Amino acid sequence: MKTDVSETIRIPCHDGYVLAGRFWPAQQDRMLGTVIINAATGVLQNYYHHYARFLTGYGFAAVTYDYRGIGMSRPKNMRDARFCWRDWGELDFAAVVKWSRKHDPHGLLAVVGHSIGGFLPGFAPNADSVDRILAVGAQYAYWRDYAAERRKKLFVKWHLFMPAITAMLGYFPGRRLGWLEDLPAGVANEWSFRRARLESSYPAAERNAILACFAKVRAPILSIGTTDDEYATPQAIRRGLKYYVNSDRKYVLLKPADLNLNTLGHFSLFHPRHHALFWPKTVIWLKDGVSPWAPTESLLPRSR
């Protein structure tokens, strides 16, 4: 078994921006492939390092990274950052896919995406080279899909307060508020003003190209939700999955009791407490493409 180490990497994007990431080599001689871990909005890559290290013990190499505007990929002046969610998929994730394929040209390439990180791959022009996707709490992020009992408070927080303070400061000071990391104005506003349909959130001339990019993805998707997630509700997950029209999509809804816990929520599943029960089951999907849970719902590719 190899030594448990990781190394800092710099990942150049098509537009010249350079992302900060870490590469975690497989700890077994027989490497199963590479797993790219896409973070949630405003969450540092560090949060996923425990899970990345866990994967290396099963023979996977792993790549974590900060999106542009976040953490180690943050510019000196956030007020000058003109980044949006779409950039995180179209430029950042695409660059990480390219880097990973260069490092491991012929091996399995899988993605684990948390929250918006599970939706972003469809924006990447090279996402068709991804072999498998595990989406955890991944959703399209439209406010009407929030859990009904929390919808009003979340709407005020993210769709009234966030755009107002972003307009005042030129970026969203999430760290100062203790909510999440600071966000570039474009990311905050794309979240705040998200429309019910993906294509309606972008200029009319670009809509068909965006939908066609999502349609290029053919990797099977296993999407995991939890019954007490106020963001990734069943309707939010379904809204996101429907854009991957040429992927075999399985949706699983877990209850806290399934993992011997009282609560799970939106962020819990990447906490180290899940290293013995939930995390090993994700390896089954990443390795063999077999869901260890009976699907709550299955969506077949459009072509079938």
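Refer to the structure printed above.
Residues numbered from 1 in each chain as written. Predicted model: local features only at pLDDT ≥ 70, side-chain atom pairs only at ≥ 80, totals over all residues. Heavy atoms only, no water.

## Concerning empty space enclosed by the protein
The line we're drawing: Only protein atoms enter the calculation, which uses a 1 Å grid: trapped sets of points that fit a 1.4 Å probe without letting it out are cavities, open sets showing protein on both sides within 12 Å along at least five of seven lines are pockets, and any residue with an atom within 4 Å of a point is a lining residue. Grid points are joined across faces, edges and corners, and a volume is the space filled by probe spheres set on the points. The way it works is that DSSP assigns letters per residue, a run of H or I at least four long becomes a helix, a run of E at least two long becomes a strand, and they are numbered from the N terminus.
Scanning the entire structure with this criterion turns up two cavities of 30 Å³ or more. Approximately 80 Å³ is the volume found for the largest cavity. Around the largest cavity, the lining residues are Gly118, Phe119, Ala135, Ala138, Gln139, Ile221, Ser223, Ile237, Gly240, Leu241 and Tyr244. Ranked by the residues each element gives to the lining of the largest cavity, the list is headed by helix H7 (residues 234–241), at three residues.

## Some details on the packing of helix H2 (residues 85–103) against helix H5 (residues 185–192)
How we decide: Lines fitted to the C-alpha atoms define the axes, with helices restricted to the stretch that makes contact. Angles between their N-to-C directions range from 0 to 180 degrees. Should any heavy atoms of two residues lie within 4.5 Å, those residues are considered in contact. Note on residue categories: nonpolar means Ala, Val, Leu, Ile, Met, Phe, Trp, Tyr, Cys or Pro, charged means Asp, Glu, Lys or Arg, and polar means any other residue, Gly included.
Closest axis-to-axis distance for the H2/H5 pair is 7 Å, and the angle between their directions is 115°. Note on element contacts: H5 touches H2 through Val187, Glu190 and Trp191, opposite Trp85, Arg86 and Trp88. Here the contact of H2 with H5 is built from residues that sort into four nonpolar, no polar and two charged.

## Details of the environment of Lys287
Looking at where Lys287 falls in the secondary structure, it is placed in helix H8 (residues 278–288). Contact partners of Lys287, with chain neighbours within four places excluded, come to Leu32, Phe60 and Arg132.

## Describing the pairing of strand S4 (residues 60–65)
Walk down a regular strand and you will see the side chains alternate between the two sheet faces. Rule in force here: Here the term buried applies to any residue with accessible area under 20% of the maximum for its type, exposed to any over 50%, and partly exposed to those in between, with areas from a 1.4 Å probe on protein chains only. Strand pairing is assigned whenever DSSP detects at least two bridges linking the two strands. The handedness of a crossover follows from its direction of travel: if, with the strands pointing away from the viewer, the path from the first strand over the helix to the second runs clockwise, the crossover is right-handed.
Summarising burial for S4: six of the six residues are buried, a large majority. Of the two faces of S4, the one carrying Phe60, Ala62 and Thr64 and the one carrying Ala61, Val63 and Tyr65 are both buried. As paired elements, strand S2 (residues 18–24) and S4 share four bridges and run antiparallel to each other. Looking at the pairing, Gly21 lines up with Tyr65 of S4. After leaving strand S3 (residues 33–38), the chain enters helix H1 (residues 49–56) and then returns to the sheet as S4, a path that is right-handed.

## Quick notes on the sheet that holds strand S10 (residues 249–254)
A sheet is described by the order of its strands in space; here nine strands give the open sequence S1-S2-S4-S3-S5-S6-S9-S10-S11, paired in mixed fashion. With one partner strand each, in any of the chains shown, strand S1 (7–12) and strand S11 (297–299) form the two edges of the open sheet. Going across the sheet, the axis of each strand differs from the next one's by a mean of 20°, ignoring polarity. Pairing of S3 with S4, which is carried by five bridges, proceeds in the parallel orientation. When the sheet's bridge partners are listed, Ile37 is paired in S4 with Thr64. Across the sheet, H8 touches S3, S4, strand S5 (108–114), strand S6 (132–136), strand S9 (221–226) and S10, and the angle it forms with S6 is around 155°.

## Structural notes on H5
Burial within H5 is extensive, with six of its eight residues counted as buried. All of the buried residues in H5 are Ala185, Val187, Ala188, Glu190, Trp191 and Ser192. Of the surrounding elements, those touching the buried residues of H5 are H2, helix H3 (151–169), strand S7 (171–172) and strand S8 (183–184).

## Some details on the pairing of S2
Most of S2 sits out of view: five of its seven residues are buried. In the sheet, S1 pairs with S2 via six bridges, with the strands oriented antiparallel. Note that in S2 the partner of Glu7 across the bridge is Phe23. Between S1 and S2, which pair antiparallel in sequence order, lie five residues; one of them, Gly16, sits at a positive phi of approximately 95°.

## Considerations on the pattern of salt bridges
Stated precisely, the cut-off is as follows: Think of a salt bridge as a Lys or Arg side-chain nitrogen and an Asp or Glu carboxyl oxygen that are within 4 Å of each other.
By the definition in use, this model includes 15 salt bridges. Between Arg101 and Asp131 there is a salt bridge, and its shortest N-O distance comes to 3.1 Å. Note that Arg101 is positioned in helix H2 and Asp131 in the loop between S5 and S6, a separation of 30 residues in sequence. According to the relative accessible area criterion, Asp131 is partly exposed, its value standing at 32%. The partner of Glu297 in a salt bridge is Arg238, and the shortest N-O contact between them spans 2.7 Å. Of this pair, Glu297 sits in strand S11 while Arg238 sits in helix H7, and the two are 59 residues apart along the sequence. Here Glu297 falls in the partly exposed class, since its relative accessible area comes to 25%. When salt bridges with common partners are traced through the structure, they connect Asp15, Arg68 and Asp92 into a single cluster.

## Focus: the packing of H1 against H8
The cut-off we apply is this: Geometric relationships in this document are graded by angle, where less than 35 degrees denotes roughly parallel, more than 145 denotes roughly antiparallel, 65 to 115 denotes roughly perpendicular, and other angles denote oblique. Should the near helix be turned anticlockwise from the far one by less than a right angle, the crossing is termed left-handed; should it be turned clockwise, right-handed.
Running from amino to carboxyl end, H1 crosses H8 at an angle of 60°, the nearest separation of the two axes being 11 Å. Regarding the angle of H1 to H8, the classification is oblique. H1 and H8 meet at a crossing whose hand is right-handed. Where H1 abuts H8, its residues His50, Tyr51, Phe54 and Leu55 lie against Trp279, Pro280, Thr282, Val283 and Leu286. Here the residues of the contact of H1 with H8 sort into seven nonpolar, two polar and no charged.

Any link to function would need more than the numbers given here.
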